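Residue strings, one per chain:
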Amino acid sequence: MLRNPILMLVLLAFLVPALATAAVEDPRDPTHHFFDPTFGEFPEELEEARAAGKKGILIFFEMADCPFCHRMKNQVLNQPEVQEYFSEHFRVFSVDVEGAIEIVTFEGETKTQMDWATRDYRVRATPVFQFFNLEGEPIARFIGATRDSREFLQLGEFVAEGHYKDQNFTRFKREQDGR
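For clarity, every value in this text was computed on a predicted model and none was experimentally measured.

The geometry of helix 7 (residues 149-160) relative to helix 8 (residues 169-176) is characterised by a closest axis approach of 10 Å and an angle of 110 degrees between their N-to-C directions. As far as their axial angle goes, helix 8 and helix 7 are roughly perpendicular. The element helix 7 and its partner helix 8 pack so that their crossing is right-handed. Within the contact between the two elements, helix 7 uses Glu151, Gln154, Leu155, Glu157 and Phe158 and helix 8 uses Phe169, Phe172, Lys173 and Gln176.

Structure (C-alpha coordinates):
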(Lines give C-alpha, C1' and ligand atoms only; values in the text may rest on other atoms or scores of the structure.)
Protein backbone atom coordinates (compact mmCIF):
# COMPACT_ATOMS: atom_id res chain seq x y z
CA MET A 1 0.00 0.00 0.00
CA LEU A 2 1.28 3.45 -0.89
CA ARG A 3 1.63 5.76 2.08
CA ASN A 4 3.38 8.60 0.35
CA PRO A 5 0.70 11.02 -0.97
CA ILE A 6 3.12 12.67 -3.42
CA LEU A 7 4.04 9.32 -4.96
CA MET A 8 0.35 8.47 -5.22
CA LEU A 9 -0.37 11.76 -7.02
CA VAL A 10 2.50 11.15 -9.43
CA LEU A 11 1.18 7.67 -10.24
CA LEU A 12 -2.33 9.03 -10.75
CA ALA A 13 -0.95 11.73 -13.06
CA PHE A 14 0.38 8.97 -15.32
CA LEU A 15 -2.50 6.52 -14.97
CA VAL A 16 -5.46 8.84 -15.61
CA PRO A 17 -4.33 9.97 -19.10
CA ALA A 18 -3.46 6.37 -20.00
CA LEU A 19 -6.91 5.19 -18.94
CA ALA A 20 -8.58 8.04 -20.86
CA THR A 21 -6.60 7.14 -23.99
CA ALA A 22 -7.55 3.47 -23.64
CA ALA A 23 -11.23 4.42 -23.39
CA VAL A 24 -11.03 6.45 -26.61
CA GLU A 25 -9.49 3.50 -28.47
CA ASP A 26 -12.30 1.10 -27.53
CA PRO A 27 -13.88 -0.56 -30.56
CA ARG A 28 -17.11 0.96 -31.85
CA ASP A 29 -19.90 -0.80 -33.72
CA PRO A 30 -19.15 -0.42 -37.45
CA THR A 31 -22.86 -0.46 -38.25
CA HIS A 32 -23.17 2.97 -36.65
CA HIS A 33 -19.63 4.33 -36.91
CA PHE A 34 -18.23 3.02 -40.21
CA PHE A 35 -21.12 2.50 -42.63
CA ASP A 36 -23.29 5.36 -43.81
CA PRO A 37 -27.05 4.80 -43.83
CA THR A 38 -28.57 4.46 -47.30
CA PHE A 39 -31.83 3.76 -49.07
CA GLY A 40 -29.82 2.25 -51.92
CA GLU A 41 -30.22 5.24 -54.24
CA PHE A 42 -26.59 5.42 -55.34
CA PRO A 43 -26.94 8.40 -57.72
CA GLU A 44 -28.10 10.39 -54.68
CA GLU A 45 -25.21 9.03 -52.63
CA LEU A 46 -22.82 10.31 -55.30
CA GLU A 47 -24.38 13.78 -55.04
CA GLU A 48 -24.02 13.72 -51.26
CA ALA A 49 -20.40 12.56 -51.51
CA ARG A 50 -19.60 15.41 -53.91
CA ALA A 51 -21.36 17.97 -51.72
CA ALA A 52 -19.47 16.73 -48.64
CA GLY A 53 -16.10 16.96 -50.41
CA LYS A 54 -15.42 13.22 -50.26
CA LYS A 55 -12.87 11.47 -52.49
CA GLY A 56 -15.32 8.74 -53.50
CA ILE A 57 -17.56 5.93 -52.38
CA LEU A 58 -16.55 2.60 -50.90
CA ILE A 59 -18.86 -0.39 -51.25
CA PHE A 60 -18.26 -3.28 -48.86
CA PHE A 61 -19.67 -6.33 -50.65
CA GLU A 62 -20.40 -8.92 -47.96
CA MET A 63 -22.62 -11.83 -47.03
CA ALA A 64 -24.05 -12.93 -43.70
CA ASP A 65 -22.14 -16.20 -43.34
CA CYS A 66 -18.75 -14.85 -44.42
CA PRO A 67 -16.17 -15.37 -41.64
CA PHE A 68 -13.77 -12.89 -43.25
CA CYS A 69 -16.48 -10.21 -43.36
CA HIS A 70 -17.15 -10.77 -39.67
CA ARG A 71 -13.41 -10.61 -38.93
CA MET A 72 -13.15 -7.29 -40.77
CA LYS A 73 -16.10 -5.87 -38.84
CA ASN A 74 -14.90 -7.14 -35.45
CA GLN A 75 -11.19 -6.37 -35.77
CA VAL A 76 -10.72 -3.58 -38.32
CA LEU A 77 -13.89 -1.66 -39.21
CA ASN A 78 -14.69 -1.22 -35.52
CA GLN A 79 -11.51 0.76 -34.82
CA PRO A 80 -12.04 4.50 -34.21
CA GLU A 81 -8.97 5.48 -36.26
CA VAL A 82 -10.26 3.50 -39.26
CA GLN A 83 -13.77 4.89 -38.86
CA GLU A 84 -12.57 8.48 -38.66
CA TYR A 85 -10.25 8.21 -41.67
CA PHE A 86 -12.82 6.59 -43.94
CA SER A 87 -15.59 8.92 -42.76
CA GLU A 88 -13.42 11.91 -43.67
CA HIS A 89 -12.60 10.67 -47.18
CA PHE A 90 -15.42 8.39 -48.34
CA ARG A 91 -19.09 7.58 -48.12
CA VAL A 92 -19.16 3.90 -47.15
CA PHE A 93 -21.99 1.43 -47.76
CA SER A 94 -22.53 -2.27 -47.23
CA VAL A 95 -24.13 -4.41 -49.95
CA ASP A 96 -25.27 -7.99 -49.30
CA VAL A 97 -24.19 -10.15 -52.24
CA GLU A 98 -27.15 -12.45 -51.51
CA GLY A 99 -29.55 -9.58 -50.94
CA ALA A 100 -32.94 -9.32 -52.60
CA ILE A 101 -33.35 -5.64 -51.69
CA GLU A 102 -33.59 -3.40 -54.74
CA ILE A 103 -31.12 -0.58 -55.20
CA VAL A 104 -30.59 2.06 -57.85
CA THR A 105 -27.13 1.70 -59.37
CA PHE A 106 -24.79 4.58 -60.14
CA GLU A 107 -26.08 4.36 -63.72
CA GLY A 108 -29.70 4.73 -62.55
CA GLU A 109 -30.79 1.10 -63.11
CA THR A 110 -32.90 -0.72 -60.54
CA LYS A 111 -31.44 -4.10 -59.54
CA THR A 112 -31.27 -6.36 -56.54
CA GLN A 113 -28.14 -6.13 -54.41
CA MET A 114 -27.30 -9.68 -55.50
CA ASP A 115 -27.55 -8.92 -59.22
CA TRP A 116 -25.54 -5.73 -58.86
CA ALA A 117 -22.79 -7.50 -56.90
CA THR A 118 -22.58 -10.76 -58.83
CA ARG A 119 -23.42 -9.68 -62.36
CA ASP A 120 -22.10 -6.13 -62.57
CA TYR A 121 -19.07 -6.45 -60.28
CA ARG A 122 -18.49 -10.22 -60.47
CA VAL A 123 -18.21 -10.65 -56.74
CA ARG A 124 -17.53 -14.35 -56.20
CA ALA A 125 -15.95 -14.31 -52.75
CA THR A 126 -16.35 -11.87 -49.90
CA PRO A 127 -15.44 -9.43 -48.62
CA VAL A 128 -14.78 -7.18 -51.60
CA PHE A 129 -13.94 -3.53 -51.09
CA GLN A 130 -14.85 -1.68 -54.29
CA PHE A 131 -13.98 2.02 -54.51
CA PHE A 132 -15.77 4.36 -56.91
CA ASN A 133 -14.88 7.88 -57.97
CA LEU A 134 -17.40 10.72 -57.76
CA GLU A 135 -18.77 9.84 -61.20
CA GLY A 136 -19.66 6.33 -60.03
CA GLU A 137 -16.84 4.65 -61.96
CA PRO A 138 -14.92 1.81 -60.29
CA ILE A 139 -11.35 2.88 -59.53
CA ALA A 140 -9.84 0.36 -57.10
CA ARG A 141 -10.75 -3.04 -55.69
CA PHE A 142 -9.47 -5.15 -52.82
CA ILE A 143 -10.64 -8.74 -52.39
CA GLY A 144 -10.51 -10.44 -49.01
CA ALA A 145 -9.73 -9.31 -45.50
CA THR A 146 -6.77 -7.09 -44.73
CA ARG A 147 -4.17 -8.30 -42.24
CA ASP A 148 -5.03 -5.56 -39.77
CA SER A 149 -6.32 -2.01 -39.41
CA ARG A 150 -2.96 -0.57 -40.51
CA GLU A 151 -3.19 -2.31 -43.89
CA PHE A 152 -6.81 -1.19 -44.25
CA LEU A 153 -5.78 2.41 -43.54
CA GLN A 154 -3.07 2.04 -46.19
CA LEU A 155 -5.78 0.90 -48.60
CA GLY A 156 -7.77 4.05 -47.82
CA GLU A 157 -4.70 6.24 -48.36
CA PHE A 158 -3.91 4.39 -51.60
CA VAL A 159 -7.27 5.48 -53.00
CA ALA A 160 -7.83 8.85 -51.28
CA GLU A 161 -4.40 10.13 -52.30
CA GLY A 162 -4.77 8.89 -55.90
CA HIS A 163 -1.91 6.35 -55.83
CA TYR A 164 -4.17 3.81 -57.59
CA LYS A 165 -3.70 5.83 -60.79
CA ASP A 166 -0.03 4.93 -61.23
CA GLN A 167 0.72 1.81 -59.17
CA ASN A 168 -0.86 -1.25 -57.61
CA PHE A 169 -1.61 -1.60 -53.92
CA THR A 170 1.18 -4.12 -53.26
CA ARG A 171 3.81 -1.72 -54.59
CA PHE A 172 2.28 1.16 -52.63
CA LYS A 173 2.44 -0.87 -49.40
CA ARG A 174 6.09 -1.81 -50.04
CA GLU A 175 6.99 1.84 -50.53
CA GLN A 176 5.08 2.84 -47.41
CA ASP A 177 6.74 0.10 -45.36
CA GLY A 178 10.18 1.08 -46.65
CA ARG A 179 10.89 -2.24 -48.34
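What follows continues from the structure just given.
Once that is clear, we can look at the pairing of strand 6 (residues 138-143). Note: strand 5 (residues 128-132) against strand 6, five bridges, orientation antiparallel. Bridge assignment links phenylalanine 129 to a residue of strand 6, and that residue is phenylalanine 142. Once strand 5 ends, the chain turns through five residues before running back antiparallel as strand 6, passing glycine 136 with a positive phi of about 85 degrees.

Looking now at unusual backbone geometry. The peptide bond linking threonine 126 to proline 127 adopts the cis configuration, its omega dihedral lying at 0 degrees. Positionally, proline 127 belongs in the loop between helix 6 (113-120) and strand 5. A positive phi angle is found at arginine 122, which is not glycine, with a value near 50 degrees. For arginine 122, the location among the structural elements is in the loop between helix 6 and strand 5.

For helix 3 (residues 42-51), the full list of buried residues reads Phe42, Glu45, Leu46 and Ala49. The arc enclosing the buried residues of helix 3, seen along the axis, measures out at 105 degrees, which places them on a common side. Exposed residues on helix 3 whose side chains face more than 90 degrees from its buried face are Glu47 and Ala51. Against the buried residues of helix 3 lie strand 1 (56-62), strand 2 (90-96), strand 3 (102-104) and helix 6. Once helix 3 finishes, glycine 53 follows within two positions and takes phi at roughly 75 degrees, a positive value.

What follows deals with the environment of lysine 165. With respect to the secondary-structure elements, lysine 165 resides in the loop between helix 7 and helix 8. Here lysine 165 falls in the exposed class, since its relative accessible area comes to 66%. Residues lysine 165 and isoleucine 139 lie 26 residues apart in sequence; the distance between their C-alpha atoms is 8.3 Å.

Another point: the environment of histidine 33. Within the secondary structure, histidine 33 is located in helix 2 (residues 30-33). A relative accessible area of 38% places histidine 33 in the partly exposed class. Between the C-alpha atom of histidine 33 and that of glutamate 84, which follows or precedes it by 51 residues, the distance is 8.4 Å. Setting aside chain neighbours within four positions, we find histidine 33 in contact with Arg28 and Gln83.

Take the nonpolar core next. Formed by 26 residues in total, the largest nonpolar core has its most connected members in Phe34, Phe86, Phe129, Phe131 and Phe152. The greatest single-element share of this core, amounting to six residues, is contributed by helix 7. In contact with phenylalanine 131, not counting residues within four places along its chain, are Ile57, Leu58, Phe86, Phe90, Glu137, Pro138, Ile139, Ala140, Leu155 and Val159. Grouped together as the second largest cluster of nonpolar side chains are 18 residues, Phe42, Phe93, Val97 and Val128 included.

Reading the values: the criteria
Residues numbered from 1 in each chain as written. Predicted model: local features only at pLDDT ≥ 70, side-chain atom pairs only at ≥ 80, totals over all residues. Heavy atoms only, no water. Axes fitted to C-alpha atoms, helices over the stretch in contact; angles between N-to-C directions. Helix = DSSP H or I, 4+ residues; strand = E, 2+ residues; numbered from the N terminus. Parallel < 35°, antiparallel > 145°, perpendicular 65-115°, else oblique. Left-handed = near helix turned anticlockwise from the far one by under 90°. Contact = heavy atoms within 4.5 Å. Pairing = 2+ DSSP bridges. Buried < 20%, exposed > 50% of the residue type's maximum accessible area, 1.4 Å probe, protein only. Arc of directions from axis to C-beta. Core = buried A, V, L, I, M, F, W, Y, C linked by side-chain atoms within 4.5 Å.

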